[in-house]
Amino acid sequence: MTTGYVWNTRYGWADTGSGSLFPSDATTGLQPIGHHLAHPDTKRRFHELIAVSGLLDRLHTIRAVAATEEDILRVHTPQHLARIMEESRQPKGGDAGDGTSPFGRGGYEIAALSAGGAIQLVDQVVAGRVDNGYALVNPPGHHATRATGMGFCVFNNVSIAAAYAKDVLGLERVAVVDWDVHHGNGTQDIWYSDPTVLTISIHQHLCFPPGSGYREERGTGAGEGYSINIPLPPGSGDAAYLQVMDQLVIPALREFRPDLILVASGFDASMMDPLARQMVTSAGFARLTRRMLDIAADLCDGRIAFVQEGGYSPHYVPFCGLAVIRELLGEPFEPDPYTPIVSTQGGDVLLDHEAAAIDAAEPLLGAVSGESVSG
Ligand code: 9RB
Ligand code: ZN
């Protein structure tokens, strides 16, 4: 397998400020801290593990090139782009939109490079220069709607890459499978009325953003049925996620017949994440990856690109990422140093209430069809 890989040093320079999740506040006792929960060191550590593991030498590295304004405007409003550019020129930078997503001066350049990394990977995958690939980009993207950033996301990297695949490369149908633990509300918002981009979000129910990601959010107009939300209860682990793949995601993709699959790959559903309460292990992420590779091989000549989203355990994210990239390369899974504590907590058993949540989403499959798009 030839696996493409994107990382850029500047992804590690995203300045998330001195707060932890909210800005520091001496009046409420929120002390400043060097590591914001979304501090880019977690992703830099992922990259460094890829490097020292020897995998980097076997990957086809792809240089990130900044997304152009035209690329960004396929997805975002001119007002959002202009505001980010303007705030990025300020000495202390600005915020993506919700007051808890700070960026430093030059944050626009890093965000454009993040979206550009996703574009470059998709370009190479669709051209067949690589078989598959992983864009380890930062900042993440899946919460960014057309009109605003939020939840640490400035621009919606996956959507910008999907729009590029459709408008520039001429693909008809793109599927986005979002296994970040949070709802992919931005990606959903962008494609809500468009049946050519199927969005599937698997998330911890009501984890973030508040009040979104219900099963009832199904798309609108021509896009009705093409937004699929699979909310899971807290505590869901490898067994629940694999069941979601087999019972829901893979059948939906078979119906839709995408020309390209994009995986919005967060590792915040992991056992050790501080921002959510799921129990997926690195072994689980490897198995999810294998399922995705197999279905891509079946449906779209293997065309699949993984794009980094969240993941906030500096300890465990690197090993989850390593497991996914090993799978992309066709390497067998290797247990990592955290196996003893993550594999003994019961996440490998499907519980009744998890099965019920998955069953409840099954009716959503009925409305997905590639036919209605291409005729
Ligand atoms: C805000 C709050 C959050 C909470 C979680 C994330 C994770 C994002 C991610 C981001 C921001 C609360 C804005 C609570 O990993 N996505 O994939 N902020 N949460 N209150 N308020 C006002
Ligand atoms: Zn997340």
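Residues numbered from 1 in each chain as written. Chains lettered and ligands numbered in written order. Predicted model: local features only at pLDDT ≥ 70, side-chain atom pairs only at ≥ 80, totals over all residues. Heavy atoms only, no water.

We now examine the site of ligand 1. The environment of ligand 1 is formed by Leu21, Phe22, Thr100, His142, His143, Gly151, Phe152, Asp180, His182, Phe208, Asp268 and Tyr312. One of the side-chain N or O atoms of His143 is found 2.6 Å from a nitrogen atom in ligand 1. Coverage of ligand 1 by the protein amounts to 73% of the 520 Å² it exposes when considered alone. Classifying every residue of the shell around ligand 1 by side-chain character gives five nonpolar, five polar and two charged. (Near = heavy atom within 4 Å. Polar contact = N/O pair within 3.5 Å; in protein donor to acceptor, adjacent residues only side chain to side chain. Areas by Shrake-Rupley, 256 points an atom, 1.4 Å probe, with all protein chains shown as cover. Nonpolar A, V, L, I, M, F, W, Y, C, P; charged D, E, K, R; others polar.)

Each angle at a metal carrying four tetrahedral donors should ideally be 109.5 degrees, and each at a metal carrying six octahedral donors should ideally be 90 or 180 degrees. Donor atoms from the polypeptide that bind the zinc ion (ligand 2) are Asp180 (OD), Asp180 (OD), His182 (ND1) and Asp268 (OD), placed at 2.0 to 2.7 Å. Read N to C, the donor residues that coordinate the zinc ion (ligand 2) are spaced as D-x1-H-x85-D. With a gap of 86 residues between them, His182 in the loop between strand 6 (174-178) and helix 6 (185-190) and Asp268 in the loop between strand 9 (260-265) and helix 8 (282-300) connect regions that are remote in the sequence. For the pair His182 and Asp268, one class covers both residues: buried. (Donors = N, O, S within 2.8 Å, 3.2 Å for Na, K, Ca; no water. Helix = DSSP H or I, 4+ residues; strand = E, 2+ residues; numbered from the N terminus. Buried < 20%, exposed > 50% of the residue type's maximum accessible area, 1.4 Å probe, protein only.)

So, about the side chain of Asn138. Looking at where Asn138 falls in the secondary structure, it is placed in the loop between strand 5 (132-135) and helix 5 (157-167). A polar contact is formed between the side chain of Asn138 and the side chain of Lys43, at a distance of 3.2 Å. Discounting residues that sit within four places of it in the chain, Asn138 has contacts with Tyr11, Ala14, Pro40, Lys43, Ile110 and Ser114. (Contact = heavy atoms within 4.5 Å.)

Moving on: helix 5. Extensive coverage of helix 5 is indicated by the burial of 10 of its 11 residues. Residues Asn157, Val158, Ser159, Ile160, Ala161, Ala162, Ala163, Tyr164, Ala165 and Lys166 constitute the buried set of helix 5.

Take the packing of aromatic side chains next. In this description, a pair of aromatic rings is defined by centroid distance and the angle of the planes. Here the structure, examined in full by the defined rule, presents 12 aromatic pairs. Ring plane angle 70° and centroid distance 6.0 Å describe the contact between Phe46 and Phe267, whose orientation is recorded as edge-to-face. Taken as a pair, Phe46 in helix 1 (residues 41-52) and Phe267 in the loop between strand 9 and helix 8 lie far apart in primary sequence, 221 residues in all. Among the residues examined, Phe267 registers a relative accessible area of 0% and is labelled buried. (Phe/Tyr/Trp six-rings, centres within 6.5 Å; stacked < 30°, edge-to-face > 60°.)

Once that is clear, we can look at the pairing of strand 5. By the alternation rule, side chains of strand 5 split into Asn132 and Tyr134 and Gly133 and Ala135, which are all buried. Where strand 1 (residues 3-6) and strand 5 come together, four bridges link them in parallel fashion. Its bridge partner lying in strand 5, Gly4 is registered against Gly133. As judged from the four bridges shared by strand 5 and strand 10 (residues 304-308), these two strands associate in the parallel manner. Looking at the pairing, Ala135 lines up with Val307 of strand 10. (Pairing = 2+ DSSP bridges.)

With respect to topology, eight strands assemble into an open sheet ordered 2-1-5-10-9-6-7-8, the strand pairing being parallel. A strand with exactly one partner marks an edge of an open sheet, and here the two such strands are strand 2 (60-61) and strand 8 (227-232). Note that strand 7 (residues 197-204) and strand 8 share six bridges and pair parallel. Looking at the pairing, Ile200 lines up with Ile228 of strand 8. Here helix 4 (residues 107-127) sits on the sheet in contact with strand 1, strand 2, strand 5, strand 9 and strand 10, set at roughly 175° to strand 5. (Axes fitted to C-alpha atoms, helices over the stretch in contact; angles between N-to-C directions.)

Another point: the pattern of salt bridges. For the structure shown, the criterion picks out 17 salt bridges. Among the salt bridges present, the one from Glu331 reaches Arg58, with a minimum N-O distance of 3.0 Å. You can see Glu331 sitting in the loop between helix 9 (317-328) and helix 10 (339-342) and its partner Arg58 sitting in the loop between helix 1 and strand 2, a full 273 residues away along the chain. Of the residues examined, Glu331 reaches a relative accessible area of 22% and is grouped as partly exposed. Take Arg58: its relative accessible area is 42%, and that puts it in the partly exposed class. Arg74 is the salt-bridge partner of Glu70, the closest N and O atoms lying 3.8 Å from each other. Through salt bridges with shared partners, a single network forms among Arg58, Arg326, Glu331 and Glu334. (Salt bridge = Lys/Arg side-chain N within 4 Å of Asp/Glu carboxyl O.)

Attention now moves to helix 8. Compared with the 27 Å implied by 1.5 Å per residue over 19 residues, the 26 Å span of helix 8 between its first and last C-alpha is a close match. Buried within helix 8 we find Ser282, Gly284, Phe285, Ala286, Leu288, Thr289, Met292, Leu293, Ile295, Ala296 and Cys300. Summarising the contacts, the buried residues of helix 8 are in contact with strand 5, strand 6, helix 7 (238-256), strand 9, strand 10 and helix 9. Asp301 sits one or two positions beyond helix 8 and adopts a positive phi of about 55°. (Expected span 1.5 Å × (residues − 1).)

For the pair helix 3 (residues 78-88) and helix 4, the least separation of the axes is 7 Å and the interaxial angle reads 130°. On the basis of their axis angle, the class for helix 3 and helix 4 is oblique. Here Leu81, Ile84, Met85 and Ser88 of helix 3 lie close against helix 4, whose contacting residues are Gly107, Tyr108 and Glu109. Broken down by class, the residue content of the contact of helix 3 with helix 4 amounts to four nonpolar, two polar and one charged. (Parallel < 35°, antiparallel > 145°, perpendicular 65-115°, else oblique.)

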